[in-house]
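An overview of the molecular structure
Each chain is listed here by its residues.
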Amino acid sequence: MLFKPSMEGTHVLDPDTLSVDKKSSTKIEGCGLGTRALYFNSFFIDRRYYAEWQDIERVWKRVAMSKGGFSGKGMFGSMAYLVVHLRNGKEFQCNFKYEQNVDILLSQIERSHPEIPTHSVKEEQAKKREELEEKKKYKKDLSKTAQETIQSLRKYEDDLKQKPAIYEHLSAAAKQKRTLAGISVTYKILAWVIFSIAIAAMALGVVLIANHHGTAAIYFVIFGIAFLFTVMATGVLPTRKRNNKTAEAEWQAALKDSDNYIRHLKGFPLPAQYAHPIVLERMVRAIRMGRAETADEAFEIVKDDLKKLNNTVQVSQQEYDEVVAVKPMFLVMDYE
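These remarks concern the structure in this document. (Residues numbered from 1 in each chain as written. Predicted model: local features only at pLDDT ≥ 70, side-chain atom pairs only at ≥ 80, totals over all residues. Heavy atoms only, no water.)

**Things to note about helix α10 (residues 295-308)**
With 14 residues, α10 extends 20 Å between its outermost C-alpha atoms, agreeing within 8% with the 20 Å of an ideal straight helix rising 1.5 Å per residue. Looking at α10, one finds that the buried residues are A295, A298, F299, I301, V302, K303 and L306. On the buried face of α10, the contacting elements are α4 (144-161), α9 (277-288) and α11 (317-332). (Helix = DSSP H or I, 4+ residues; strand = E, 2+ residues; numbered from the N terminus. Expected span 1.5 Å × (residues − 1). Buried < 20%, exposed > 50% of the residue type's maximum accessible area, 1.4 Å probe, protein only. Contact = heavy atoms within 4.5 Å.)

**Some words on unusual backbone geometry**
One non-glycine residue, R47, lies in positive phi territory at about 45°. Assignment of secondary structure puts R47 in the loop between β4 (37-40) and β5 (49-52). Of the residues examined, R47 reaches a relative accessible area of 17% and is grouped as buried. A positive phi is found at D334, a non-glycine position, where the angle reads about 55°. Within the secondary structure, D334 is located in the segment after α11.

**Re the sheet that holds strand β2 (residues 26-28)**
Taken together, the five strands give an open sheet; going across it, the order is β1-β5-β4-β3-β2, and neighbouring strands pair in mixed fashion. Of all the strands in the sheet, the pair left with one neighbour each is β1 (6-7) and β2. As judged from the three bridges shared by β2 and strand β3 (residues 31-33), these two strands associate in the antiparallel manner. Among the inter-strand pairings, T26 is bridged to a residue of β3, identified as L33. Packing against the sheet, helix α1 (residues 15-24) makes contact with β2, β4 and β5, and its axis sits at approximately 70° to β4. Across the face of the sheet, helix α2 (residues 99-112) comes into contact with β2, β3 and β4 while running at roughly 150° to β2. (Pairing = 2+ DSSP bridges. Axes fitted to C-alpha atoms, helices over the stretch in contact; angles between N-to-C directions.)

**What to know about the packing of α9 against α11**
For the pair α9 and α11, interaxial distance at closest approach is 10 Å and the crossing angle is 115°. The crossing of α9 and α11 is left-handed. Residue-level contacts link I278, V279, R282 and R285 of α9 to Q318, E319, E322, A325, V326, M329 and F330 of α11. Here the residues of the contact of α9 with α11 sort into six nonpolar, one polar and four charged. (Left-handed = near helix turned anticlockwise from the far one by under 90°. Nonpolar A, V, L, I, M, F, W, Y, C, P; charged D, E, K, R; others polar.)

**Considerations on the pattern of salt bridges**
Here the structure, examined in full by the defined rule, presents 25 salt bridges. Of the charged contacts in the structure, one is a salt bridge between K175 and D103, with a shortest N-O distance of 3.5 Å. Here K175, found in helix α5 (residues 164-181), pairs with D103, found in helix α2; they are 72 residues apart in sequence, far enough to count as distant. Its relative accessible area of 5% is what places K175 among the buried residues. A single salt-bridge network, built from bridges that share partners, covers E134, R154, E157, K161, E281, R282, R285, E319 and E322. (Salt bridge = Lys/Arg side-chain N within 4 Å of Asp/Glu carboxyl O.)

**A closer look at the nonpolar core**
F268, V279 and M283 are the most contacted members of the largest nonpolar core, which has 46 residues in total. At the level of elements, α4, α5, α8 (244-262), α9, α10 and α11 are the ones that each hand at least two residues to this core. Ignoring any residue separated from it by four or fewer positions in sequence, one finds F268 in contact with Y156, L160, I262, A275 and L280. In this structure, I28, F40, V84 and V102 belong to the second largest nonpolar core, which totals 23 residues. (Core = buried A, V, L, I, M, F, W, Y, C linked by side-chain atoms within 4.5 Å.)

**Looking at α8**
The end-to-end C-alpha distance of α8, which contains 19 residues, comes to 27 Å, matching closely the 27 Å that a straight helix rising 1.5 Å per residue would cover. Listed in full, the buried residues belonging to α8 are A247, W251, A254, L255, S258, Y261 and I262. Mapping the buried residues of α8 onto a view down its axis gives an arc of 130°, with all of them on the same face. Seen from the buried face of α8, the exposed residues on the opposite side, beyond 90 degrees, are K245 and K256. (Arc of directions from axis to C-beta.)

**So, the side chain of K303**
By the element assignment, K303 lies in helix α10. Take K303: its relative accessible area is 11%, and that puts it in the buried class. Polar side-chain contacts of K303 include one of 3.3 Å to the side chain of E300. For K303, the contacting residues outside a window of four places in its chain are F330 and Y335. (Polar contact = N/O pair within 3.5 Å; in protein donor to acceptor, adjacent residues only side chain to side chain.)

**Things to note about a nonpolar patch on the surface**
A cluster of nonpolar side chains, contributed by L190, I194, I209, I218, Y219, I222, F223 and F227, occupies part of the molecular surface with about 770 Å² of accessible area. Listed by contribution, the elements that provide at least two residues to the nonpolar patch are α6 (185-210) and α7 (215-233). The element that contributes the greatest number of residues to the nonpolar patch is α7, accounting for five residues. Secondary-structure assignment places Y219 in helix α7. By relative accessible area, Y219 is classed as partly exposed at 48%. (Patch = residues over 30% accessible without salt bridge, like charges linked within 9 Å, V, L, I, M, F, W, Y side chains within 5 Å. Areas by Shrake-Rupley, 256 points an atom, 1.4 Å probe, with all protein chains shown as cover.)

Okay, structure coming up:
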């Protein structure tokens, strides 16, 4: 290995095992899910550290925004981190460029290592309180129609969870498409201006160095590189793999996969673009609260609730996580 990961737990993998496990690990941005260990990044180096699964006490997502807040503008560009807490007391915060990748990673950890909690202690306590408060809103005596609808929705929810890659792809593609479409033209122009200045500064620095102008020339190159990396890190400028055209192609591919899967689920109550377990779960909650009886009624309520969530609304962490996962799909389709 060119860069050998540093062990941060109490169990050490022998060099050969470590090399094979890291190489075969599922890479998600700067982290990797291996058979033997979780590999996580430093600020600059991918998979810089590792800890065997038995050394990990819990992992969770941290979002750089106001606690429990939801912003109709910021939710698609928030700074997300993976927090890894080890049994020896060490804690690492791993930066991610795209929040959906943290969700995907946590989802995979939850499936492959259910013994590891994927929420912070504070989040778990808050979640229990929210569940208790929510149960108080549930209607005790539901009609036969409502009960049958809930049973049906639960079945479809289980069906979707059999193929998590499909709905995770759908959610991620919607976020990507929404994010790129929402970038202001002003920001793009500003980014191009900074990019051009950075290139010009680097070119000038190289010319000055070639003409033996010494220290000042080096500063031009350094500042040019710094500005270049800064503007690239913002994600405002399109790249070969990240632009409106590729985002649309990715969204269409996700829609096709979703449609191909749900067409085999007789009577599935949602269009392919909204085939996500969270949508079905929110429909179930609407029925249990007595706000609807049929799937169609519940779906309309879910859409209306999501429309009302904007930058003036404060929500719980659970609500935030749900909204981040599914609202982009509704926004991309304009709730149709």
